[in-house]
Amino acid sequence: MDEDDCGFLPLSKRELSALGLSIRTAKSKAEVTRILQGYELSEEDFEKGFPYLMKVVRDLPPDTADRTP
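For clarity, every value in this text was computed on a predicted model and none was experimentally measured.

**Q** Would you mind going over helix α4 (residues 51-58) with me for this structure?
**A** Residues lying three or four places apart along an α-helix face the same way, a consequence of the helix completing one turn every 3.6 residues. Within the sequence span of α4, burial applies to Leu53, Met54 and Val57. Looking down the long axis of α4, one finds its buried residues gathered within 110 degrees of arc, a one-sided arrangement. Buried-residue contacts for α4 involve α1 (13-25), α2 (29-38) and α3 (43-49).

In structure tokens, the structure reads:
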């Protein structure tokens, strides 16, 4: 992850890497929202700083509530 792309975010390289990993392993959009809240990032800042991760988020289901019959 290139720190220059996200220079406007108040996160260290380690935090940026952890954020990216958390987003890539998230199972739902609701989980992504909780992750962003934990890093105190707005959705707008996330989209601006991580447009390539937004593509991953768009393909996630809204929620992963237990759907077993």
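**Q** Honestly, the nonpolar core in this entry has me stumped. Any pointers?
**A** Nonpolar side chains tend to gather and get buried jointly when the protein is soluble and globular. Core analysis: the largest hydrophobic core is formed by 16 residues, its most contacted members being Leu19, Ile23, Val32, Leu36, Phe46 and Phe50. Contributions of two or more residues to this core are made by α1, α2 and α4.

**Q** Would you mind going over the packing of aromatic side chains with me for this structure?
**A** How two aromatic rings sit relative to each other is set out by the distance from centre to centre and by the angle between their planes. Counting across every chain of the model gives two aromatic pairs. The interplanar angle of 70 degrees and the centroid separation of 6.3 Å between the aromatic rings of Phe50 and Tyr52 together place this pair among those described as edge-to-face. Judged by relative accessible area, Phe50 falls into the buried class, the value being 0%. Since its relative accessible area comes to 38%, Tyr52 is described here as partly exposed. Grouping aromatic residues by their ring pairs yields a cluster made of Phe46, Phe50 and Tyr52.

Rules used throughout
Residues numbered from 1 in each chain as written. Predicted model: local features only at pLDDT ≥ 70, side-chain atom pairs only at ≥ 80, totals over all residues. Heavy atoms only, no water. Buried < 20%, exposed > 50% of the residue type's maximum accessible area, 1.4 Å probe, protein only. Helix = DSSP H or I, 4+ residues; strand = E, 2+ residues; numbered from the N terminus. Arc of directions from axis to C-beta. Contact = heavy atoms within 4.5 Å. Core = buried A, V, L, I, M, F, W, Y, C linked by side-chain atoms within 4.5 Å. Phe/Tyr/Trp six-rings, centres within 6.5 Å; stacked < 30°, edge-to-face > 60°.

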